[in-house]
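# Results of the structural survey
Chain by chain, the residues run as shown.
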Amino acid sequence: MRVVAIINQKGGVGKTTTSANLCHAIAELGKKVTVIDLDPQGHLAVSLGIRLQQHGGIDEVMRGEKTIQQQIIQVRDNLQLITSGSRLQEIEQLTENSPHRGDLLKNALQTGLECQDYVFIDCPPSSGLLIVNALFATDEILVPMTSDFLALQGLSHLMGTVKKFEKVLKKQYTSWLVISRYTPNRKISRQVLNILLSHFPNQILATTIRETTLLAECPSFGKTILEYSPGSQSAKDFRKLAIDFMEGRVMYVKK
Amino acid sequence: MSKNDETENDKNNLIGYDPLAWMDQEVEDYAKEEIEVLQQSIMADDNVLESNYSNQSLQDADENDDANYNQSPVHLDAALSIQNVSALHEKLKKVLTANDYIEINLSDVASIDTATLQLLVALKKDSVKLQKTVVFNSPSPRFIESAKLLGLLEILDV
């Protein structure tokens, strides 16, 4: 089982879009996938068509109140979701009653998901205790990146955080980057991509996810792009990305 | 690439600076951690040093070599990396053999890697054993930064 944190402290880089569509694409290939919404905003659940979230989610598991099996929602064939839950924000905000620990998620994942091929964690755009929990729980990270300068700046911050964790935890993360919201006709996009390739050789997944209006539309219908527009370029991008991720297909620098 | 091409490329560059440039140091940082461990082992057991830069090997250096190698102060180059550490090792061995007081001028150092720092630590330790004196003078900011990162300021006495 691969446990993968989809992480970037910068907002708007496509974490939830990647989580919903990549997970569904991998599930369509017959792999068993669980995706955990670790963002208190709960947008992943909405993107997958779960709008009523009165019940708890991963928040209650992290608090030790429920088991992970109790929180699973089967959202598609081979794809199950664990929502964020309404009290996840309390863990992030370190309120007086919240448990101040970084290993809550790691402990929560110890049992109940053994039969899964992949567990993805859709992380919040922050650098608080939830991110600490995600980095504790996984040895593998997938970083969605937009191809603009501020995303580079954000990535620098993220990699600084990851390096600190690697030092403290004495482990090295397997890191992948996915270029999302890519606009190939913009010169700066290509230049950002070149910079990324120079710093992350053999780590950028081969398929870029191009910016399209379809990808912006489908969450409001609770559908992934594979359902909303199965024949679209975006759906093809995510299907190819799924294979990239499963097989480790990466971009190479042109020589 | 001609200068005109470079100028043209600069004009076309839409990214003012690379926020990820610091990551280029990361590969070195792993090596730095290794040298830190090595440094600790040096303190714990001087035999580690002796295996690489032994007193015997220093004393055995050919005293008849080029006199230029024997001069102190020794000015270190701007770029110090593993590519030239072997040559520097030979040079320092000869200087150490020929002099009781060795001054190493670090003012030009613009970049230094862990291999070179390891060599300088070894030089310092060996000089103590030989009852000689090695002084590192005029360290550049880059040298101080690198030595500080590794916790070597004290051992190098800069």
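Everything that follows concerns the structure shown earlier in this document.
For the rest of this paragraph, the subject is the overall build of chain A. Each helix and strand counted, chain A has 12 helices and 7 strands in total. A total of 255 residues make up chain A; the buried ones form 56% of that total. If you take every contact in chain A between residues at least 6 apart in sequence, the share linking residues at least 24 apart comes to 79%. Accessible surface, chain A: about 10,900 Å² in total, of which carbon and sulfur atoms supply 50%.

All names here are of chain B. On the basis of which strands lie adjacent, the open sheet formed by 3 strands has the order β1-β3-β5 and parallel pairing. Looking at the sheet topology across the chains shown, the edges are occupied by β1 (74-75) and β5 (133-137). Judged from the 5 bridges that link them, strand β3 (residues 101-105) and β5 form a sheet pairing that is parallel. Residue pairing in the sheet places E103 in a bridge with V135 of β5.

This part is about the side chain of S156(A). Along the chain, the position of S156(A) falls in helix α8 (residues 149-169). Relative accessible area serves as the criterion here: at 12%, S156(A) is assigned to the buried category. Aside from chain neighbours lying at most four places away, what touches S156(A) is P19(B), L20(B) and W22(B).

So, about the interface of chain A and chain B. Across the boundary between the two partners, chain A contributes 19 residues, which contact 15 residues of chain B. Remark: the boundary between chain A and chain B carries 3 residue pairs in polar contact (both at pLDDT 80 or more). Breaking the side of chain A that touches chain B down by element, the ones donating at least two residues are α8 and α9 (187-199) of chain A. Here the side of chain A that touches chain B gets 10 residues from one element, more than from any other, and that element is α8(A). For the side of chain A that touches chain B, the per-class residue count stands at 9 nonpolar, 6 polar and 4 charged.

The next subject is the pairing of strand β1 (residues 2-6) of chain A. All names here are of chain A. Most of β1 is tucked away, with 4 of its 5 residues classed as buried. One ladder, built from 5 bridges, connects β1 with strand β5 (residues 118-122); its direction is parallel. Pairing of A5 across the sheet is with I121, part of β5. With 3 bridges joining them, β1 and strand β6 (residues 140-145) adopt parallel strand pairing. Each bridged residue has a counterpart across the sheet, and for A5 the counterpart in β6 is I141.

In this section: helix α7 (residues 129-137) of chain A. Counting buried positions along α7(A) yields 7 of 9 residues, so the element is predominantly enclosed. Turning to α7(A), its buried residues are L129(A), L130(A), I131(A), N133(A), A134(A), L135(A) and A137(A).

Residue and element names in this part refer to chain A. Tallying each qualifying case throughout the model produces 16 salt bridges over all chains. In this structure, K66 and E60 form a salt bridge, with 3.2 Å as the shortest nitrogen-oxygen distance. Residues D237 and R210 are paired through a salt bridge, measuring 2.8 Å at the closest nitrogen-oxygen approach. A residue pair is termed long-range when its members are at least 10 positions apart, and D237 in helix α12 (residues 233-247) and R210 in the loop between α9 and α10 (213-217) qualify at 27 residues. By relative accessible area, which is 29% here, R210 ends up partly exposed. Connected via shared salt-bridge partners are R63, E65, R87 and E90.

Analysis parameters
- Residues numbered from 1 in each chain as written.
- Chains lettered and ligands numbered in written order.
- Predicted model: local features only at pLDDT ≥ 70, side-chain atom pairs only at ≥ 80, totals over all residues.
- Heavy atoms only, no water.
- Helix = DSSP H or I, 4+ residues; strand = E, 2+ residues; numbered from the N terminus.
- Buried < 20%, exposed > 50% of the residue type's maximum accessible area, 1.4 Å probe, protein only.
- Contact = heavy atoms within 4.5 Å.
- Areas by Shrake-Rupley, 256 points an atom, 1.4 Å probe, with all protein chains shown as cover.
- Pairing = 2+ DSSP bridges.
- Polar contact = N/O pair within 3.5 Å; in protein donor to acceptor, adjacent residues only side chain to side chain.
- Nonpolar A, V, L, I, M, F, W, Y, C, P; charged D, E, K, R; others polar.
- Salt bridge = Lys/Arg side-chain N within 4 Å of Asp/Glu carboxyl O.

Treat this as a map of the structure, not an account of what it does.
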